[in-house]
Amino acid sequence: MKEGNVVQQRGLYRSEFEHDNCGIGAIVNIKGQKSHDTVANALKIVENLEHRAGKDAEGKTGDGVGILLQVSHRFFSKVCKPLGIFLRSERDYGVGMFFFPQDELKRNQAKKIFEVIVKKEGMNFLGWREVPVKADVLGSRAVECMPCIMQGFIERPKKVEQGVDFDRKLYIVRRVFEQSADDTYVASLSSRTIAYKGMFLVDQLRLFFPDLQDPDYDSAIALVHSRFSTNTNPSWERAHPNRFIVHNGEINTIRGNTDKMRAREENMESECMKGKDFMKVLPAINSSGSDSAMLDNAIEFMVMSGMDLPLAVMIAIPEPWANNRNLSQKKKDFYQYYATMMEPWDGPASILFSDGDCMGAVLDRNGLRPSRYYITDDDMLILSSEVGVLDIPPEKIVVKERLHPGKMLLVDIKKGKVIDDEELKETYASRQPYGEWLDNNLIELKDLKIPNQKVPAYTAEECRRLQKAFGYSYEEVKTSILNMAKNGAEGTAAMGIDAPLAVLSDMHQNLFGYFKQRFAQVTNPPIDAIREKVVTSTTVYIGEDGNLLEEKAENCKMLKVNNPILTETDLLKIKNMKEDGFKVAEIPTIYYKNSSLEKAIDYLFIEVDRAIREGANILILSDRGVDEYHVAMPSLLVLSGLQQHLVRTKKRTSVGIVLETGEPREVHHFATLIGYGACAINPYLAHESIKQLIDTDMLQKDYYAAVDDYNNAVLSGIVKIASKMGISTIQSYQGAKIFEAIG
């Protein structure tokens, strides 16, 4: 059962709309001492989170409950002995938790496929164990779709080190199997951790799996999760924990994140997984999973490619660093280095993560999901969505704290200590001379030389002709462009919109009008982008992404742009940049009148592919040149088509796309263009319209000041639109496709 195959996509239902809002908890022995009490207390925590777990109308089937534990050698050696499965010693074997189909023939086929794959990967398969379950405690809906749950055991080869090296081999086996057997879901396959989960009510987890009640099942780490799925369908596979994380919240930028991750596969190389092994695990992300599952896929891929787990989480969910005066320069350099290669996975999130050697927790940059923790005098750390999940005598509590926005907490049970955010990030920020690398490679737009060239200009008559060609109305120029150029802000209007849908209008509508931005699915307060400016960032990076999996200076050879709405001078600087490592290609987006638009766009794709083959890493799509014989392709259509073409051909992260277009003039137009993949936009006709307003005395203002105010008004409008969706950074909003096309 692959994630997402639960409900057929019919009507208006789309699996990518699925998000959850949940209860999370963790208990860990800081010194790494395993005990059954840790397991029992974790089950108590999740049982006390009943108010954060969804259930059906009958009240007998839950949205999903689960627990992530260390593999207990004491327990598994005991239960495997009667089955004739000999387990050497702790971490010398991997355990897989499989959700097989109930059909015996299909199940046997899937088991055989798995055994063959294990053998082909040079490992010894030890045997199967049918997990004892008590299905009579479940509701009827859970029983109807219940899989056959089995555990498979794989012996560690003598040449492979214990821990992450062995888990990497198991990861390759799992990815090959997942692409071979689409009717089986692997909940976990590791030598260090195991996930027990399903479509339960909170009190059914303990009762359904007798394994969890066995006093011999011991663990030093336990993560629990109760799912409250919003606008979604519960299923066995979508219950948490995932393989590394449990997650309360939603990733609002998920579509853009996954697109870029898929395209990034072309640029990534790993010392730990080379050649054929690396190709076997691709695509790294299962696009049919939930937002949490896809984030887990990305983190797992980075960890298995050689990155430390805390570092992988840190760069996926960075703290707000750009406007934070309290952050050291060393940390800012560290974050900026990784920002040139990966955008934040943005949205409200409280995430717990574990690989069996450490347990960590991180909060999103806005702190929109609560997480509190206690440390007791017997070296236990208890963390949950709220306090009161376990009865702890007050005299035993040594530390009472909460997770702070953007901050991380880590318990390293190998070292036997709690590592706070400051120490952890200082350690990673000191590993490489990130500041020196940025100084030598990162180029800022403001530092580029202005070339000795004239900016193209239009007469009043030419400007009017172009305004007609691009569908400008008198009202748009007078109310929208004039207001923003005059006041540096959008015009104030009543909330809501009473204009008819574009598809129902008798008037000709531009393509932007058919798109409406979606709102956050999970109860999510919009961010106050004005008063909470410290968490927002408008910076974008243009160029070819580096290799995320290898730390080296050349990775950050990018062009940094603080305002993606460009002036004509800015664009001129980019067109004529002569910096090492950058090559700019200009692609026209105009075509002959009365010829086929579809063929013109297909030809444009060919031109782009040729430019990339010739080494271009910045593409400028320009619709200058509209006349009586040439018309402009709709900028949103050509941009989104090119974005998807580059994602399919895995070239999207090899180039930055800059638009030189006369079409956009309102904030919504710019928001859709950035939302569908533009890095930066030069609205030359909107700027030319400002010049005409000044020349006709409708605007009493210096031209350059008016253009600056207009650009800043557009930018603050985009930040405001993104904040309604719970997104704080333009870099995350870029390509996130959080719109619905109506009609």
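Attention in this report is confined to the structure presented alongside it. These numbers come from a predicted model, not from an experiment. Numbers given for residues are sequential positions, taken from 1 along each chain in its written order. In keeping with the model being predicted, local features are shown solely for residues with a pLDDT of at least 70 and side-chain atom pairs are shown and tallied solely at 80 or more, while totals for entire chains, interfaces and linings include all residues. As a rule here, side-chain values come from all non-hydrogen atoms in the structure, and water together with hydrogens is ignored.

1. So, the pairing of strand β7 (residues 185-190)
Then, in step 1: Accessibility here uses a 1.4 Å probe with only protein chains present; expressed as a share of the type maximum, an area under 20% marks a residue as buried, one over 50% as exposed, and anything in between as partly exposed. Helix and strand assignments come from DSSP, with helices taken as H or I runs of at least 4 residues and strands as E runs of at least 2, each series counted from the N terminus. Among the 6 residues of β7, 6 are classified as buried, and the element is accordingly described as predominantly covered.
Then, in step 2: Direction of pairing for strand β4 (residues 93-100) relative to β7: antiparallel, over a ladder of 5 bridges. Among the inter-strand pairings, Gly96 is bridged to a residue of β7, identified as Leu189. Pairing between strands is defined by DSSP: at least two bridges between the two strands are required.

2. A short note on the environment of Val389
Then, in step 1: The topology assignment puts Val389 in the loop between β15 (380-384) and β16 (397-402).
Then, in step 2: Between the alpha carbons of Val389 and Val46 there is a distance of 7.9 Å; along the sequence they are 343 residues apart.
Then, in step 3: By the convention used here, residues are in contact when the closest approach between their heavy atoms is within 4.5 Å. In contact with Val389, not counting residues within four places along its chain, are Lys44, Ile45, Asn48, Leu49, Ile382 and Ser384.

3. Observations regarding the packing of aromatic side chains
Then, in step 1: A pair of Phe, Tyr and Trp rings is counted when the ring centres sit within 6.5 Å of each other, with Trp represented by its six-membered ring. The angle between the planes then sorts it: under 30 degrees is stacked, over 60 is edge-to-face, the rest tilted. For the coordinates displayed, the defined rule picks out 37 aromatic pairs.
Then, in step 2: Ring geometry for Phe99 versus Trp236: centroids 6.2 Å apart, planes at 85°, classification edge-to-face. Highlighted residues: Phe99 in strand β4 and Trp236 in the loop between β10 (229-230) and β11 (245-249), separated in sequence by 137 residues. Across this residue pair, the class does not change: Phe99 and Trp236 are buried.
Then, in step 3: Grouped by ring-pair contacts, the aromatic residues Phe75, Phe76, Phe99, Phe153, Tyr185, Tyr196, Phe200, Phe208, Phe209, Tyr217 and Trp236 constitute a single cluster.
Then, in step 4: Its end group placed over the ring of Tyr684, Arg624 keeps NZ or CZ at 4.1 Å from the ring centre. Definition used: whenever NZ (Lys) or CZ (Arg) falls within 6 Å of the ring centre and also within 35 degrees of the ring normal, the charge is taken to sit over that ring.

4. Quick notes on helix α21 (residues 703-724)
Then, in step 1: Over its 22 residues, α21 runs 32 Å from end to end, which matches the ideal 32 Å to within 8%, given 1.5 Å per residue.
Then, in step 2: With a side-chain oxygen positioned 3.2 Å from the backbone nitrogen of Tyr704, the residue opening α21 is Asp702.
Then, in step 3: Residue Gly726 follows α21 closely and has a positive phi angle near 80°. To estimate how far a helix should extend, the number of its residues minus one is multiplied by 1.5 Å. Under this definition, polar contacts are N or O atom pairs within 3.5 Å; protein pairs additionally need one hydrogen-donor-capable and one acceptor-capable atom, and for neighbouring residues in sequence, both atoms have to be side-chain atoms.

5. Digging into the packing of helix α10 (residues 309-316) against helix α12 (residues 421-429)
Then, in step 1: Here an axis means a line fitted to C-alpha atoms, over the contact stretch when the element is a helix, while the angle between two N-to-C directions is reported on a 0 to 180 degree scale. Look at α10 against α12: their axes get within 11 Å of each other, and the N-to-C directions meet at 95°. As judged from the angle between their axes, α10 and α12 are roughly perpendicular. Of α12, the residues touching α10 (which contributes Pro310, Leu311 and Met314) are Leu424, Lys425 and Tyr428.
Then, in step 2: For this classification, the nonpolar set comprises Ala, Val, Leu, Ile, Met, Phe, Trp, Tyr, Cys and Pro, the charged set comprises Asp, Glu, Lys and Arg, and every other residue, Gly included, is treated as polar. Considering only residue class, the contact of α10 with α12 consists of 5 nonpolar, no polar and 1 charged. For this classification, under 35 degrees means roughly parallel, over 145 means roughly antiparallel, 65 to 115 means roughly perpendicular, and everything else is oblique.

6. Some remarks on the sheet that holds strand β3 (residues 65-70)
Then, in step 1: With respect to topology, 7 strands assemble into an open sheet ordered β8-β3-β9-β2-β15-β14-β16, the strand pairing being antiparallel. Strand pairing shows two members of the sheet lacking a second neighbour, β8 (193-198) and β16, which therefore form its edges. Here the strands of the sheet are splayed against their neighbours by 10° on average, with no regard to which way each runs.
Then, in step 2: Two strands pair when backbone bridges link them, and strand β2 (residues 23-29) and strand β9 (residues 221-226) are joined in this way by 6 bridges, in the antiparallel orientation. Directly across from Ile27, in β9, lies its bridge partner Ala222.
Then, in step 3: With respect to the sheet, helix α1 (residues 36-47) is in contact with β2, β3, β9 and β15, its orientation differing from that of β9 by roughly 20°.

7. What to know about the nonpolar core
Then, in step 1: Nonpolar cores were defined as sets of buried Ala, Val, Leu, Ile, Met, Phe, Trp, Tyr and Cys residues, with membership established by side-chain atoms within 4.5 Å. In terms of nonpolar packing, the biggest core is built from 84 residues, with Leu559, Ile690, Tyr710, Ile718 and Tyr733 touching the most fellow members.
Then, in step 2: In terms of residue count, α21 provides more of this core than any other element does, 9 residues in total.
Then, in step 3: If we skip the residues at most four places from it in the chain, Ile690 touches Ile481, Ala485, Leu699, Tyr703, Ala706, Val707 and Tyr710.
Then, in step 4: If you look at the next biggest cluster of nonpolar residues, it comprises 62 residues, including Phe278, Ile285, Ala316 and Ile351.

8. Considering empty space enclosed by the protein
It is a probe the size of a water molecule, rolled over the atoms, that shows where empty space is left.
Then, in step 1: Cavities and pockets were defined on a 1 Å grid built from protein atoms only: a cavity is a group of points that admits a 1.4 Å probe but offers it no way out, a pocket is an open group of points flanked by protein on both sides within 12 Å along at least five of seven lines, and a lining residue is one with an atom within 4 Å of any such point. Grid points are joined across faces, edges and corners, and a volume is the space filled by probe spheres set on the points. In the structure shown here, the tally under the stated rule is 12 cavities of 30 Å³ or more.
Then, in step 2: Lining the largest cavity we find 20 residues, and of these Lys260, Tyr541, Asp545, Met558 and Gln734 sit closest to its centre.
Then, in step 3: For the lining of the largest cavity, the secondary structure elements donating two or more residues are α7 (254-264) and β21 (540-542).
Then, in step 4: For the lining of the largest cavity, the element with the highest residue contribution is β21, accounting for 3 residues.
Then, in step 5: Each residue belonging to the lining of the largest cavity can be placed in one class, and the counts come to 9 nonpolar, 6 polar and 5 charged.
Then, in step 6: As a volume, the second largest cavity reaches approximately 170 Å³.
Then, in step 7: What lines the second largest cavity is a set of 20 residues, among which Trp321, Ala339, Pro344, Arg365 and Gln731 lie closest to the centre.
Then, in step 8: The element best represented in the lining of the second largest cavity is helix α11 (residues 329-339), accounting for 3 residues.
Then, in step 9: When the residues that make up the lining of the second largest cavity are grouped by side-chain class, the tally is 13 nonpolar, 6 polar and 1 charged.

9. A closer look at the layout of surface pockets
Then, in step 1: The computed volume of the second largest pocket comes to approximately 490 Å³.
Then, in step 2: Taken together, 22 residues make up the lining of the second largest pocket; nearest its centre are Asp308, Pro310, Cys358, Asp412 and Tyr428.
Then, in step 3: The set of elements that each furnish at least two residues to the lining of the second largest pocket consists of α5 (164-178), α10, β17 (408-412), β18 (417-419) and α12.
Then, in step 4: When residues of the lining of the second largest pocket are assigned to their parent elements, the largest contribution, 4 residues, is made by α12.
Then, in step 5: Considered class by class, the residues forming the lining of the second largest pocket number 10 nonpolar, 2 polar and 10 charged.

10. With respect to α1
Then, in step 1: Over its 12 residues, α1 extends 17 Å from the first C-alpha to the last, a length consistent with the 16 Å expected when each residue adds 1.5 Å.
Then, in step 2: Restricting attention to buried positions, one finds in α1 the residues His36, Thr38, Val39, Ala40, Ala42, Leu43, Ile45 and Val46.
Then, in step 3: Check the buried side of α1 and you find it contacts β2, β3, α6 (204-208), β9 and β15.

11. Remarks on the sheet that holds strand β5 (residues 124-130)
Then, in step 1: Taken in spatial order, the 4 strands line up as β5-β6-β4-β7 in an open sheet, and their pairing is antiparallel. Bordering the open sheet on either side are β5 and β7, each of which pairs with just one other strand. Averaged over all adjacent pairs, the angle separating strand axes in this sheet is 20°, with direction ignored.
Then, in step 2: As judged from the 6 bridges shared by β5 and strand β6 (residues 148-155), these two strands associate in the antiparallel manner. Bridge pairing links Arg129 to Gln151 in β6.

12. Considering the pattern of salt bridges
Then, in step 1: Only one rule defines a salt bridge in this text: a Lys or Arg side-chain nitrogen within 4 Å of an Asp or Glu carboxyl oxygen. Scanning all chains against the criterion turns up 52 salt bridges.
Then, in step 2: Of the charged contacts, one joins Arg431 and Asp308 as a salt bridge, the two residues approaching to 3.5 Å between their closest N and O atoms. Remark: Asp308 occurs in the loop between α9 (291-304) and α10 and Arg431 occurs in the loop between α12 and α13 (434-441); sequence separation between them is 123 residues.
Then, in step 3: In this structure Arg431 comes out as partly exposed when scored by relative accessible area, which is 38%.
Then, in step 4: Classification of Asp308 by relative accessible area gives partly exposed; the value is 34%.
Then, in step 5: For Asp357, the salt bridge is made with Lys414, and the minimal N-O distance between the two is 3.8 Å.

13. Brief notes about the environment of Arg431
Then, in step 1: A C-alpha to C-alpha distance of 38 Å links Arg431 and Leu659, two positions 228 residues apart in sequence.
Then, in step 2: Each residue touching Arg431, except ones within four places of it in the same chain, is listed here: Asp308, Leu311 and Glu551.
Then, in step 3: A polar contact of 3.5 Å, which involves the side chain of Arg431, links it to the side chain of Asp308.

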